[in-house]
Amino acid sequence: MATVMKKTDAVIVGFGWVGAIMAKELTEAGLNVVALERGPMRDTWPDGAYPQVIDELTYNIRRKLFQDLSKSTVTIRHNTSQTAVPYRQLAAFLPGTGVGGAGLHWSGVHFRADPIELRMRSHYEERYGKNFIPQDMIIQDFGVTYDELEPFFDKAEKVFGTSGTAWTVKGKVVGKDRGGNPFAPDRSDDFPLPAQKNTWSAQLFEKAGREVGYHPYNLPSANTSDSYTNPYGAQMGPCNFCGFCSGYACYMYSKASPNVNILPALRMEKRFELRTNSNVLKVNLTDDKTRATGVTYVDAQGREVEQPADLVIVGAFQFHNVHLMLLSGIGKPYNPETGEGVVGRNFAYQNMTTIKAIFDKDTFTNPFIGAGGNGVGIDDFNADNFDHSEVGFVGGSPFWVNQAGTKPISGLPVPPGTPAWGSKWKAAVADTYTHHLSMDAHGAHQSYRQNYLDLDPNYKNIYGQPLLRMTFDWQENDIKMAQFMFDKMAPIAKAMNPKYMLGSPKNANSHFDTTSYQTTHMNGGVVMGEDPKTSAVNRYLQSWDVHNVFVIGASAFPQGLGYNPTGTVAALAYWSAKAIREQYLKNPGPLVQA
Amino acid sequence: MSSEKTNSSRRDFLVKSMTLIPAVVVGGSSVGALGMVENAVAAESKPHSAPDQGEWTPRFFNSDEWAFVKAAVARLIPADERGPGALEAGVPEFIDRQMNTPYATGSIWYMQGPFNPDVPKEMGYQLPLVPKQIYNLGIVEANDWCRQQYGKPFAELDAAKQDAALSQFESGTASFKQLPASLFFSYLLQNTREGFFSDPIHGGNKGMVGWTLINFPGARADFMDWVERGERYPFPPVSINGERA
C-alpha cells in the first residue's frame, strides 16, 4: 500500500528548467506546489565547486551529472524489423538527473525558435507546394506562432541572463556591423547582457565566413558577459571562459541553470516543496480516465508514495515525458502502421555535421578556452533563409564555431592517417591540440512516420516497468541535407587555410550511431498542436484527454529545430504557465475545444 | 605520492582564498597585467622532482596482470624525445585505482539481460562484461596469444614484438577465446589515455606530463584575459590539488 501524502494544488514531475519555471509561476499564482525530482539534490556547491569541478574524468568521462542508466534507460532499434537493444552506456545523448536536470550541465546556447520552424508544414506548403514534403515526413505546425511566444522568449532571456547582440528591437535595426544576426526575428527588447567576447577560433570563423560572403553573428549565450541580477533577484557573475561548461556545474555562477537562476527564489517560497530521490512511476487517473488525481512515486527508501494533486505538470526530459504518458495510459499510443495515435509520434533528433580544421604551429586556437554558449554563427543556411526549391530537402542548419572548451581525454584530433597510439600519435596530439578548431552544422531534423517511441516488450527498469523503445534511423532527407551543409560549410573551413580538414557528412549507408556524441536535443513524442488526431497536447501544452495534465518540454516539438531547444522549451513553459494562471485556474477544463 | 598534508593545505588555501578568483592568481601575479606574464612563468616554472615510480602496490591486479599493464601502457604512450610516457605518468596506478570504482564494476551502466552482442556496432556496447572482467579475461588471453606466437608472455617480449602484438589486438586479427581482442584493446587504450590526461588526483598524469606535452593548462580555469588572443598560452598546468608542472 502506498503512503498517501497530503493533497497539494500542483505536483511537478522533474526539476529541470521546466519544473523550476512552473514551480515559480504556480507559487506566484498562490498555489501550493510539490516538485518531485528522481535524482539527488545538486547545486553549485558542492557539485560545481572549484577546484574539484575542473575534472574531466569525473564529469565528462565518468558522467557524474548525467542520468544513471543502471536504474532506467531506453532501448533502440533502427526499424521495426529489428529487436531493440538497451542504450547501456551514455554516448550519443546525455540526459541529466538531479536537481537542475540537464539545465545544470547544459552548455548555455540560448536561441529563440526561428518563426518558420514553428509553422513548418504551413510554411513549406505555402512556399514550395504540398508535394515538396515527402509523404512519410510528418512535420507539423506547433500551433503557436513566434509573435505569440515573443514575450516569453524575452522573459526567459531575462531570467537566464542571456548575452547576445540584437538585430532589430521593435523594428529598429540596432545590430548591424555589431555582431547582430540579420536573419533573426524582431524582438521587443534587447538581450539583458551584451554578447560575450569571442575566442580566437570564433574570430577565425567570423573572418572566413565574411570572406565567403555569409553573415556572421554572435551566438546568444546563457553564459554571462557581465554581472547580472535577474528578475527573481538571483545573481550571476561574469563568465571567465574556464572551458568546463558542458557537462559541469558552473563554479562561477555564470551559466544559467535552474539552480542558480530560479531555485534561490523558490527557497524563500513557503508554498514550494522540492522532494529529491523521488522517481515518479505514473500519473494517477480517475476511473473514467478524464482527470488526474495525482502521481505515484518511489522515494529514496524504495517506498511507494502517492501524492494527490489537482494539477499535474509533467516536466521531465523529453523522453521521460513520453515514457510517463505511456506508462500512465494518457493519450492513445502511436501506431506507425496505421499512423493513428499520438503518444510517441513525431520523435525527432538533430542532424549534425562537423568539420575540424588543423592549423600549423604558428596558429594558436587554445581550445581549452571556452564557454558553452559562446561563439560565432551564420544563419545563411538555417531554417528557410535560402531557397529550398532546387535542393530537394526540408530543413536548415546554422553553422558555428562554438568553442565550449575542448579537453584532452575526449578532444584530441589528429591528422588523417595518424595511428591511434605510439610515438607518432603522441607527436601528433602534441602538435595539434592547441592548433585546431571545430565547426558544426547544427542541423534541424524532421519527423517521420517510421521514427517513433513506444514501450519495449523485453527490457525493464529497476521499478519493473517496461523501458521506452526508440525506433529511429536517418532518412533520405537527413542525408541530403547533411551533404548539402557539408558542401556549404567546407569553403568556410578552407578560407581559414588549415593544414588539414577532418570530417565527412552522412552518406546513404549511414545509420543512427548510438556510440558517439551528437546532441542531447531529442524532440517530440508528446507533440503540441491544434488537432487532437495529430497532437497529444493542445497549444497550451495541456493534454487533450486529461485536462489537468500539462506536458512541457521538447517532447512538445513536432520536429527538431535548427537551433538548440532550451530557449524554446523555456518560452513554452512560460506560455503554458500564463494560460494556466489566467485561464485554467479560473475555470478548470480544456483550454481548447477539440 | 606527495604528502597528503601538503595537498590538503594547498587545497584549503585554494578554496578559502579563491572562491571566485582565477587560479592564475596563485602565482602571486595578476594576469590582467601583461607585463607580469614572463614573471609569472618564471615563478611557476620551478623544477619538480621526477615522480616516484614503482612504489604503487596494485590493489586489483595480480602480479602477472600488473606486469602486462605496465608493459602495455609503456608501448601505447611511450617515453620518447617528446617526453615521458604512460608508465612514467603513473598510468598503471591510475588503471589499478579505476578498477575499484563504479565504472569498473559496470554499475553506472544498464547491465540487465538479455544480451545480444551480435547487433551492429552502431547499437553500442552489448556485452555482459564489465571493465574488471575485461581486464581479467583480456590479459590472460593476451598473454596466452603472445606465448603461442612468440613463446613468452607480453611483458617479456621486446618492444617491436609488443607493438606487433598490440596492433593485432587492436585490429582484432589476434583471436581471443573469451572476448574480442579489439574490445580488450579499446578499453586498455581508452584507460591509458585517461590516465595520461586526467587530473593527477586520479593517480596518473604524474608531474602533469600529459598536459605539459600538449600545453593544456589543467585546472587554471580562468581565461578572461586570454579569450580573444591567438597566441601561445604561457602558463604551465596546475592540478586540482594546486601542484604546478
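Keep in mind it's a predicted model, so treat the numbers as computed, not measured.

### Thoughts on the overall build of chain B
- Along chain B, the regular secondary structure elements total eight helices and zero strands.
- Helices and strands in chain B line up, N terminus first, as α-α-α-α-α-α-α-α.
- Burial statistics for chain B: of 245 residues in total, 50% are counted as buried.
- Taking the contacts inside chain B whose residues are at least 6 apart along the sequence as the reference set, 62% of them involve residues at least 24 apart.

### What to know about the overall build of chain A
- Along chain A, the regular secondary structure elements total 14 helices and 24 strands.
- Compactness check: chain A gives a C-alpha radius of gyration of 23 Å against a globular reference of 25 Å for 594 residues, within 12% of the reference.
- Structurally, chain A occupies a C-alpha span of about 70 × 55 × 55 Å along its principal axes.
- The long-range share in chain A, meaning contacts at least 24 apart out of those at least 6 apart in sequence, stands at 75%.

### Quick word on the nonpolar core
- Counting 115 residues, the largest nonpolar core has Met22, Phe93 and Val283 of chain A as its most contacted members.
- Looking at which element gives the most residues to this core, the answer is helix 14 (residues 566–584) of chain A, with eleven residues.
- Excluding its chain neighbours within four sequence positions, the residues that come into contact with Phe93 of chain A are Val74, Ile76, Tyr87, Phe319, Tyr349, Met470, Phe512, Tyr517, Thr519, Thr520 and Met522 of chain A.
- Counting 91 residues, the second-largest nonpolar core is a separate cluster that includes Ile95, Phe154, Leu166 and Phe184 of chain B.

### Thoughts on the packing of aromatic side chains
- Inspection of every chain in the model, using the stated rule, returns 62 aromatic pairs over all chains.
- Between Trp421 of chain A and Phe185 of chain B, the aromatic rings sit 6.0 Å apart at their centres with planes inclined by 55 degrees, giving tilted as the arrangement. Of this pair, Trp421 of chain A sits in the loop between strand 18 (399–401) and helix 12 (422–432) while Phe185 of chain B sits in helix 7 (residues 181–197), each in a different chain. The exposure classification of Trp421 of chain A matches that of Phe185 of chain B, with both residues buried.

### A word on the sheet that holds strand 21 (residues 466–471) of chain A
Residues and elements named next belong to chain A.
- Pairing is mixed across the open sheet formed by four strands, whose spatial order is 5-4-21-20. The outermost strands of the open sheet, each flanked by one partner alone, are strand 5 (85–86) and strand 20 (452–460).
- The sheet contact formed by strand 4 (residues 74–77) and strand 21 spans four bridges and is parallel. Paired with Ile76 across the two strands is Met470, which belongs to strand 21.
- Strands in contact with helix 11 (residues 318–328) are strand 4, strand 20 and strand 21; relative to strand 21, the strand with the most contacts, it is inclined by about 120 degrees.

### Section: the packing of helix 3 (residues 63–76) of chain B against helix 4 (residues 91–98) of chain B
Residues and elements named next belong to chain B.
- Across the interface, helix 3 lies against helix 4 with an axial gap of 9 Å and an inter-helix angle of 130 degrees. Taken together, the axis directions place helix 3 and helix 4 in an arrangement best described as oblique. When you trace helix 3 past helix 4, the crossing you get is right-handed. For the pair formed by helix 3 and helix 4, the contact residues are Trp66, Val69, Lys70 and Val73 on the first element and Val91, Pro92, Glu93, Ile95 and Asp96 on the second.
- A per-class count over the contact of helix 3 with helix 4 returns six nonpolar, no polar and three charged.

### A closer look at the environment of Ala155 of chain B
All names here are of chain B.
- Position of Ala155 among the secondary structure elements: in the loop between helix 5 (131–150) and helix 6 (159–171).
- Ala155 sits in the partly exposed class, given a relative accessible area of 35%.
- When the C-alpha atoms of Ala155 and Asn143 are compared, they prove to be 8.4 Å apart, with twelve residues separating the residues in sequence.
- Excluding residues that lie within four positions of it along the chain, Ala155 makes contacts with Ala67, Phe68, Ala71 and Gln162.

### Considerations on the UniProt feature "domain: Glucose-methanol-choline oxidoreductase C-terminal" (unreviewed entry) in chain A
- Within this numbering scheme, the UniProt entry marks residues 449–573 of chain A as carrying the feature "domain: Glucose-methanol-choline oxidoreductase C-terminal" (unreviewed entry).
- From the first C-alpha to the last, residues 449–573 of chain A spans 27 Å; its make-up is 22% helix and 19% strand.

### A word on helix 4 of chain B
- Of all eight residues in helix 4 of chain B, seven are buried, a share of seventy percent or more.
- Summarising the contacts, the buried residues of helix 4 of chain B are in contact with helix 3 (56–61) of chain A together with helix 3, helix 5 and helix 7 of chain B.

### Looking at the sheet that holds strand 16 (residues 351–358) of chain A
All names here are of chain A.
- Strand order across the open sheet formed by six strands is 8-17-18-19-16-22, with antiparallel pairing between neighbours. For this open sheet the edge positions go to strand 8 (216–218) and strand 22 (500–502), each flanked by a neighbour on one side alone. Neighbour to neighbour, the strand axes of the sheet diverge by 25 degrees on average, direction disregarded.
- As paired strands, strand 17 (residues 376–378) and strand 18 are joined by three bridges and run antiparallel to one another. The partner of Ile378 across the bridge, within strand 18, is Phe399.

### Some points on the pairing of strand 19 (residues 436–443) of chain A
Residues and elements named next belong to chain A.
- Where burial is concerned, most of strand 19 is hidden: seven out of the eight residues are buried.
- Strand direction decides the pairing type here: strand 16 and strand 19, joined by eight bridges, are antiparallel. Its bridge partner lying in strand 19, Ile358 is registered against His436.
- Two strands pair when backbone bridges link them, and strand 18 and strand 19 are joined in this way by two bridges, in the antiparallel orientation. Each bridged residue has a counterpart across the sheet, and for Phe399 the counterpart in strand 19 is Ala441.

### Brief notes about the UniProt feature "domain: Glucose-methanol-choline oxidoreductase N-terminal" (unreviewed entry) in chain A
- The sites that UniProt annotates as "domain: Glucose-methanol-choline oxidoreductase N-terminal" (unreviewed entry) are residues 234–348 of chain A.
- For residues 234–348 of chain A, the end-to-end C-alpha separation is 34 Å, with 17% helix and 30% strand making up the annotated structure.

### Here's the deal with the state of the cysteines
- Overall, the coordinates contain zero disulfides over all chains when judged by the stated rule.
- Unpaired in terms of disulfides, Cys245 of chain A finds its nearest cysteine sulfur in Cys250 of chain A, a separation of 6.2 Å.

### Some points on the pattern of salt bridges
All names here are of chain A.
- In the structure shown here, the tally under the stated rule is 35 salt bridges over all chains.
- Between Glu157 and Arg112 there is a salt bridge; the shortest N-O distance is 2.8 Å. Here Glu157 is found in helix 7 (residues 146–160), whereas its partner Arg112 is found in the loop between helix 4 (102–105) and helix 5 (115–118), with 45 residues between them in sequence.
- The class for Arg112 is buried, based on a relative accessible area of 7%.
- Note that Asp154 and Lys158 form a salt bridge whose closest N and O atoms lie 2.9 Å from each other. With Asp154 and Lys158 both in helix 7, this residue pair falls four residues apart, about one helical turn.
- The exposure class assigned to Lys158 is partly exposed, which follows from its relative accessible area of 23%.
- By sharing partners, the salt bridges in this structure join Lys24, Glu25, Glu28, Lys155 and Arg581 into a single network.

Quick notes on the rules
- Residues numbered from 1 in each chain as written.
- Chains lettered and ligands numbered in written order.
- Predicted model: local features only at pLDDT ≥ 70, side-chain atom pairs only at ≥ 80, totals over all residues.
- Heavy atoms only, no water.
- Helix = DSSP H or I, 4+ residues; strand = E, 2+ residues; numbered from the N terminus.
- Buried < 20%, exposed > 50% of the residue type's maximum accessible area, 1.4 Å probe, protein only.
- Contact = heavy atoms within 4.5 Å.
- Rg over C-alpha atoms; globule rule 2.2 N^0.38 Å.
- Core = buried A, V, L, I, M, F, W, Y, C linked by side-chain atoms within 4.5 Å.
- Phe/Tyr/Trp six-rings, centres within 6.5 Å; stacked < 30°, edge-to-face > 60°.
- Pairing = 2+ DSSP bridges.
- Axes fitted to C-alpha atoms, helices over the stretch in contact; angles between N-to-C directions.
- Parallel < 35°, antiparallel > 145°, perpendicular 65-115°, else oblique.
- Left-handed = near helix turned anticlockwise from the far one by under 90°.
- Nonpolar A, V, L, I, M, F, W, Y, C, P; charged D, E, K, R; others polar.
- UniProt positions renumbered as here; feature names shortened; annotations may be inferred.
- Disulfide = S-S within 2.5 Å.
- Salt bridge = Lys/Arg side-chain N within 4 Å of Asp/Glu carboxyl O.

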